[in-house]
Amino acid sequence: MKLTPAIILRGLALIILVITWAVLAHLGSAGDANRDFSAALATAPIVAIGVMLLWRASNPLWIALGCFAVLALLAWAWPALRQNVPLLYYIQHLGTNLALATLFGRSLFGGGESLVTQFARMAHCGTISDAQARYTRQVTIAWTIFFLSTALVSSGLFWLGQMAAWSIFANLLTVPMVALMFIVEHLCRQRILPPDDRSTIADTIRGYRAAMQHRTDTLANHP
């Protein structure tokens, strides 16, 4: 994958967006920001997912009714939402990590290939070695454990610890920990796999994008 100015700018914009989101989420969870703004920021991803699901409906009337129902539900629940901003961010953080753990973990069972193995196969034009298959399965297990552990620590800090400590872990440290996991996995790959079986970061990104595009196409063809 060739790095073009457009790709670099998109990457920088994404990094700035993630950092801004993390800081605002931390301030909202710690009670240092406007409650209405913090509640709106916390509910935005959930609302966006709901709207995208509604958009798949073929009947415009159902789309309009669904959007109206979402707005009505938000208006009704808003007083409670703005009083429980930290809980909103906790549910969002917990749900994201459990969903990712399920995505990686469920691919370990049954007769199919593990998720990272699928990424690797798509990055290498459908052909991987036995060593790559074993290694990528182990990586899938590692990511599953990582997301489950993150969800467990997040829950422990939220319900038993101080809110500030939970917010730092959930909002400020989660993304750096994910980045660290990528770095550690890359270093392990260089040591464990023979040179011909090693994937570059560009290969990994290409495989991930191909796998996600395949899943999107599958969902589009089977509404």
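Residues numbered from 1 in each chain as written. Predicted model: local features only at pLDDT ≥ 70, side-chain atom pairs only at ≥ 80, totals over all residues. Heavy atoms only, no water.

Enquirer: Would you mind showing me how to read the packing of aromatic side chains here?
Expert: Counting across every chain of the model gives eleven aromatic pairs. Relative to tryptophan 166, the ring of tyrosine 90 lies with its centre 6.3 Å away and its plane at 65 degrees, an arrangement referred to as edge-to-face. Of this pair, tyrosine 90 sits in helix 4 (residues 85–106) while tryptophan 166 sits in helix 7 (residues 163–192); the two residues are 76 residues apart in sequence, bridging distant segments of the chain. Neither tyrosine 90 nor tryptophan 166 differs from the other in exposure class; each is buried. Consider the rings of phenylalanine 158 and tryptophan 166, whose centres lie 5.3 Å apart with planes at 75 degrees: the pair is edge-to-face. Judged on exposure class, the residue phenylalanine 158 and its partner tryptophan 166 are both buried. (Phe/Tyr/Trp six-rings, centres within 6.5 Å; stacked < 30°, edge-to-face > 60°. Helix = DSSP H or I, 4+ residues; strand = E, 2+ residues; numbered from the N terminus. Buried < 20%, exposed > 50% of the residue type's maximum accessible area, 1.4 Å probe, protein only.)

Enquirer: I keep staring at the side chain of threonine 150 and nothing clicks. Help me out?
Expert: Tracing the chain through its elements places threonine 150 in helix 6 (residues 130–160). If we ignore the near neighbours within four places in the chain, the residues touching threonine 150 are His93, Asn97, Phe169 and Thr174. (Contact = heavy atoms within 4.5 Å.)

Enquirer: Teacher, can you tell me more about the pattern of salt bridges here?
Expert: Two side chains carrying opposite charge are able to pair once their charged atoms lie near each other. Applying the stated criterion across every chain, the model contains three salt bridges. The closest approach of N and O atoms between aspartate 36 and arginine 82, which form a salt bridge, is 2.9 Å. One end of the pair, aspartate 36, is in helix 2 (residues 35–55); the other, arginine 82, is in helix 3 (residues 60–83), with 46 residues separating them in the sequence. The class of aspartate 36 is partly exposed, set by a relative accessible area of 30%. Note that glutamate 185 is salt-bridged to arginine 189, the shortest N-O span being 2.5 Å. Taken together, the residues glutamate 185 and arginine 189, both in helix 7 and four residues apart, mark about one turn of the helix. For arginine 189, a relative accessible area of 7% puts it in the buried group. (Salt bridge = Lys/Arg side-chain N within 4 Å of Asp/Glu carboxyl O.)

Enquirer: Looking at this structure, how should I read the layout of surface pockets?
Expert: Over the atoms rolls a probe the size of a water molecule, and its path tells where empty space is left. By volume, the second largest pocket is sized at about 190 Å³. If you trace the second largest pocket, you find it lined by Thr43, Ile46, Val47, Gly50, Val70, Leu73, Leu74, Ala77, Leu81 and Leu88. Put simply, the parts of the chain that give the lining of the second largest pocket at least two residues each are helix 2 and helix 3. The residue makeup of the lining of the second largest pocket, split by class, is eight nonpolar, two polar and no charged. (1 Å grid on protein atoms, 1.4 Å probe; cavity = no way out; pocket = protein on both sides within 12 Å on 5 of 7 lines; lining within 4 Å. Points joined across faces, edges and corners; volume = space filled by probe spheres on them. Nonpolar A, V, L, I, M, F, W, Y, C, P; charged D, E, K, R; others polar.)

Enquirer: Would you mind going over the nonpolar core with me for this structure?
Expert: Generally speaking, nonpolar side chains in soluble globular proteins are found buried as a group. Counting 15 residues, the largest nonpolar core has Leu88, Tyr89, Tyr90 and Trp166 as the members making the most contacts within it. Ranked by residues supplied to this core, first place goes to helix 4 with five residues. Look past the residues within four positions of tyrosine 89 in its chain and what remains in contact with it is Leu24, Ala25, Ser29, Ser38, Leu41, Ala42 and Trp166. (Core = buried A, V, L, I, M, F, W, Y, C linked by side-chain atoms within 4.5 Å.)

Enquirer: What is the right way to read helix 1 (residues 5–29) from this model?
Expert: Side chains of residues three or four places apart in an α-helix project in the same direction, reflecting 3.6 residues per turn. Spanning 25 residues, helix 1 covers 36 Å between terminal C-alpha atoms, matching the ideal 36 Å at 1.5 Å per step. Every buried residue of helix 1 is listed here: Ala22, Ala25, His26, Gly28 and Ser29. Buried positions along helix 1 lie against helix 2, helix 4 and helix 7. Trailing helix 1 by a residue or two, glycine 31 shows a phi angle of about 80 degrees, which is positive. (Expected span 1.5 Å × (residues − 1).)

Enquirer: Help me understand helix 7 in this model?
Expert: Taking 1.5 Å per residue, 30 residues should reach 44 Å; helix 7 reaches 40 Å between its end C-alpha atoms and fits that length. At leucine 173, helix 7 is bent by approximately 55 degrees, the largest bend along its length, and proline proline 176 sits one to four residues beyond. Every buried residue of helix 7 is listed here: Trp166, Ser167, Phe169, Ala170, Asn171, Thr174, Glu185 and Arg189. (Bend = angle between axes of the 7 residues up to and from the residue.)

Enquirer: Even after reading the chapter, I still don't get the environment of leucine 88, so can you show me in this structure?
Expert: Here leucine 88 is to be found in helix 4. Along the sequence, leucine 88 and serine 38 sit 50 residues apart, while their C-alpha atoms lie 9.5 Å from each other.

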